[in-house]
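Architecture at a glance
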Amino acid sequence: MNKLISNIALNEPMIHAFINKKIDNLEEFINTFPDHLSSEELQRKPLLGVPVVIKDNINVKSLPTTAASKILKTISLRMMLLL
């Protein structure tokens, strides 16, 4: 996971792929992640621990939904304050 974060930090300034990055508490999450999971748990949760990227045109609680539009950014932030 640390390699992933390092890779994002290295390449993001050049490619601008992310509008919002919620990696603030990622290290804390990694440290609380169980070291050992039973095969039954892994079968029930096959994506457990897999990092995901969600496009910014999909509503996610506590993130602005802007579709990369400066106009929608303002509207989205106002809507978040109302919720």
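Because the structure is predicted, anything quoted here is derived from the model rather than measured.

Structural notes on the overall build of the chain
Within the chain one finds four helices and zero strands. Along the chain, from the amino end to the carboxyl end, the secondary structure elements read α-α-α-α. With an accessible surface of roughly 7,500 Å², the chain has 60% of that area assigned to carbon and sulfur atoms.

What to know about helix α1 (residues 2–15)
For α1, spanning 14 residues, the distance from its first C-alpha to its last is 20 Å, which sits close to the expected 20 Å at 1.5 Å a residue. For α1, every residue scored as buried is listed here: I5, I8 and E12. Downstream of α1 by a residue or two, H16 has a phi angle that is positive, lying close to 50°.

Remarks on a nonpolar patch on the surface
Residues V52, I54 and I58 make up a contiguous nonpolar surface patch of roughly 300 Å² in combined accessible area. In this structure, I54 sits in the loop between α3 (39–44) and α4 (70–82). Here I54 falls in the partly exposed class, since its relative accessible area comes to 48%.

Comments concerning the environment of N57
With respect to the helices and strands, the residue N57 is situated in the loop between α3 and α4. Residue N57 is classed as partly exposed on the basis of its relative accessible area of 46%. Remark: the alpha-carbon pair of N57 and S69, spanning twelve residues in sequence, is separated by 9.7 Å. When residues no more than four places from it in sequence are discounted, the contact partners of N57 are T65 and A67.

Concerning the confidence of the model for the chain
For the chain, mean pLDDT is 75; residues scoring 70 or higher make up 71% of the total. Confidence scores differ between elements of the chain, with α4 showing the lowest mean pLDDT of 67 and α1 the highest of 83.

The rules behind each value
Residues numbered from 1 in each chain as written. Predicted model: local features only at pLDDT ≥ 70, side-chain atom pairs only at ≥ 80, totals over all residues. Heavy atoms only, no water. Helix = DSSP H or I, 4+ residues; strand = E, 2+ residues; numbered from the N terminus. Areas by Shrake-Rupley, 256 points an atom, 1.4 Å probe, with all protein chains shown as cover. Expected span 1.5 Å × (residues − 1). Buried < 20%, exposed > 50% of the residue type's maximum accessible area, 1.4 Å probe, protein only. Patch = residues over 30% accessible without salt bridge, like charges linked within 9 Å, V, L, I, M, F, W, Y side chains within 5 Å. Salt bridge = Lys/Arg side-chain N within 4 Å of Asp/Glu carboxyl O. Contact = heavy atoms within 4.5 Å. pLDDT = per-residue confidence, 0-100.

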